[in-house]
Amino acid sequence: MPGTATDSLDRRDDSEPSEPSGSNDTSLGRAPKGKPAAPAKPSSAVARLAKLGLRRPVDLVLHLPMRYEDETALETIGEAIRRAGMGLAAQVEGEVISNEVTFRPRRQLVVKIADDTGELTLRFLNFYGSQTKQMAEGVRLRVRGEVRGGFFGAEMVHPQVRPVVPGEALPDRLTPVYPATAGISQAYLRKAIGGAMSRTPMPETLPQAVLQGPLAQLKLAPLADCLRLLHNPPPQESEAALADRSHPAWQRIKFDELLAQQISLRRSQAARREKNAPSMPRRADGLLTRFLAALPFRLTGAQQRVVEEIAADMTRPHPMHRLLQGDVGSGKTIVAALAACQAIDAGYQAALMAPTEILAEQHFRKLSAWLEPLGVPVVWLAGSLKAKEKREAAARVESGEAQLVIGTHALIQDTVRFARLGLSVVDEQHRFGVAQRLALRGKAGEAETKAAPDKVPHQLMMSATPIPRTLAMTYYADLDVSVIDELPPGRTPIVTRLVNDARRDEVIERVHHAAAEGRQAYWVCPLIEESEALQLQTAVETYETLVAALPDLRVGLVHGRLPPAEKAAVMGDFSANRLQVLVATTVIEVGVDVPNASLMVIEHAERFGLAQLHQLRGRVGRGSAESVCLLMYQAPLSPTARERLATMRETTDGFEIARRDLQIRGPGEFLGARQSGEAMLRFADLNTDAWLVDYAQEAAELMLARFPEAVEAHLLRWLGGREHFLKA
Ligand code: ADP
Ligand code: MG
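In this report, the structure presented in the accompanying data block is examined. Just so you know, these numbers come straight off a predicted model, no measurement behind them.

The rules we used
Residues numbered from 1 in each chain as written. Chains lettered and ligands numbered in written order. Predicted model: local features only at pLDDT ≥ 70, side-chain atom pairs only at ≥ 80, totals over all residues. Heavy atoms only, no water. Helix = DSSP H or I, 4+ residues; strand = E, 2+ residues; numbered from the N terminus. Axes fitted to C-alpha atoms, helices over the stretch in contact; angles between N-to-C directions. Parallel < 35°, antiparallel > 145°, perpendicular 65-115°, else oblique. Left-handed = near helix turned anticlockwise from the far one by under 90°. Contact = heavy atoms within 4.5 Å. Nonpolar A, V, L, I, M, F, W, Y, C, P; charged D, E, K, R; others polar. Near = heavy atom within 4 Å. Polar contact = N/O pair within 3.5 Å; in protein donor to acceptor, adjacent residues only side chain to side chain. Areas by Shrake-Rupley, 256 points an atom, 1.4 Å probe, with all protein chains shown as cover. Pairing = 2+ DSSP bridges.

This part is about the environment of P636. Mapped onto the fold, P636 is located in the loop between β22 (628-633) and α22 (639-650). Each C-alpha atom of the pair P636 and E606 lies 9.9 Å from the other, and the pair is 30 residues apart in sequence.

As a further point, take the packing of helix α10 (residues 248-274) against helix α26 (residues 708-719). Viewed as axis vectors pointing N to C, α10 and α26 meet at an angle of 110 degrees, and their least axial separation amounts to 9 Å. Judged by the inter-axis angle, α10 sits roughly perpendicular to α26. Relative to α26, α10 is oriented so that their crossing is left-handed. Across the interface between the two elements, I253, D256, E257, L259, A260, I263, S264 and R267 of α10 pack against V711, E712, H714, L715, W718 and L719 of α26. Of the residues belonging to the contact of α10 with α26, the class tally is eight nonpolar, two polar and four charged.

Okay, the site of ligand 1 next. Close to ligand 1 lie 17 residues, the nearest being R298, G329, T333, R491 and D593. Within the side chain of R622, an N or O atom sits 3.2 Å from an oxygen atom of ligand 1. Expressed as a share of its isolated accessible area of 570 Å², the protein-covered part of ligand 1 is 89%. In the shell around ligand 1, the residues fall into four nonpolar, six polar and seven charged.

Moving on, we get to the sheet that holds strand β13 (residues 404-407). Taken in spatial order, the seven strands make up an open sheet running β12-β13-β11-β14-β15-β10-β16, and their pairing is parallel. Each edge of the open sheet carries a strand with a single partner, namely β12 (378-381) and β16 (480-484). In this sheet, adjacent strand axes meet at a mean angle of 20 degrees when their direction is disregarded. As defined by bridge partners, strand β10 (residues 321-326) adjoins β16 across five bridges and the pair is classed as parallel. Paired with G326 across the bridge in β16 is I484. Here helix α12 (residues 301-315) sits on the sheet in contact with β10, β14 (421-426), β15 (458-463) and β16, set at roughly 155 degrees to β16.

Dropping the structure here:
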């Protein structure tokens, strides 16, 4: 084994002792969707409600509490003070004994209340004059907040306060707390929701035949009862079951939500099946055959299988809608190229879209090298082209002269029209936003108008991020999936090590060593989410350090701000081994393919997500040389960062990594679907409620087959006008 015996990095691994991986501090899956990013100034409460997606009364009825507050009991001030500092909410009552506005350290209202057991200070840093009066001396206040041990004794900062008469009754129910947004108070929401509840009957949308049939085992309670209970839980209900959403009432809600999703997915699937697409039979004497004959390697068994699946789809007169899934390095590009050949053979154009310009450019170079010798004109279309070049490229696309078009999302711009698009391929599809995927689909749909107005192109999506079963059944239920579950032969597994940042010199030495053996290395600079400028600066500094430390090597630098031509030149030099070391920001994250590179150094690996680390690591291990990935980190690590890095060290299996990623992050973030916001499940949690999906599927099928009116009513209730988002 080359180089292992002498290199201490191979023997010493700085990984911190693993902790039990149960630490769950980032299980954000359940975070309420109540914090939309920076709302534009809404003009009224109605507009603000709309920001929360609350447009119709039924939306309000389905706006369910994210948690509850227990205001049903009082503590004495003495008891509350004993629990000070524990971060618990307390509710106490007392009489105001003093009330003053002080100015040091800043203007604030300080109110003291007392009961027989003690005194408590209430501190308000922002307050209205009316509040001073409301809390005048002698008034009895009911206050709720967290007691802290302040410098001058126990205090509550900004508690909720209400004047009461002695002996005033306590609520006998838990108080709901709703997902809210700036400018909407809980009180307002409670009132609006209460009003909507009384005005909106919620008749059962599930037919008895479904409730008593496939769902009998679930024993679902009537929806209207469940909604009432969740908005206004009777005192005897288990607060814990309400809080963790395991209560049967929550189950009903989650089920209905999943059902709406399943119905909607099935309908869009059926609608797609109704559409026509050009049938593209394979020709024995065609391009495809010549291309395969010219390939320098044989397809793996898995590649052959997925090529057959795709070819069969494209032969049918209905649009293919297929996801090609294969781990990093499994050889998806060639499969896409073969599909393109089949489309071109049938007289159609094919488009290949990639999420970054570097990747698109690499595809362009690779595919034109493969196909132009066979007489296929390939066109490059990216945002960075000069206006004139772009016009020329677009003209070649529009005239139909370009048979294969490769580019970034510039491809979906309005100015680009295809003469006869027959196949669109989206690489690394999970990296595109939902809106972009929709636009591409729209483009694909409209593109056909010239040649055959009633036909839409076939679609192939590719991704290295495997989709766990539950997600495949839900968000991706509308896709057929092909999997490449085999790597091309002759690859050696990548060895991954965690290295403390303090050992940078050794890492640099390791880079030197790799280059001395004729290999190449990537050095990925830290991700700095807050500031692109800072990230760039770090990259430049790292580059300079490495240039100085490795005077006998040629070091290159690539980052997002580099003009595209320079970017391409640097990548070209690295591909051709004119550069031994490539310092890069995450622009190289997806798809870049330089088989001679065998060392990947990732700085501040703790800042990256699992999927990103897996993608980055996948840049090496593409040739036959033994590859190493060094994950440099800065101690101390947070529990989740430690968990991520441990996962990286333990496995190179993309499926396993995705599974753990899902566990750590929850499905919403996992899908990168934040943009789809409203399309996400709000209540059902695929980590805990996946078992309901099977029932939802069964019920959806039965309802679609036998109860079309119930289907309409259910979709209208749950999705309103948002159905199209689910199809992205
Ligand atoms: P990914 O699935 O990550 O997109 P690529 O398509 O970039 O992977 O392929 C990775 C590398 O493997 C490329 O260099 C490609 O040419 C090579 N490759 C693909 N298929 C085979 C095969 N059957 N035999 C040998 N090498 C292959
Ligand atoms: Mg790829």
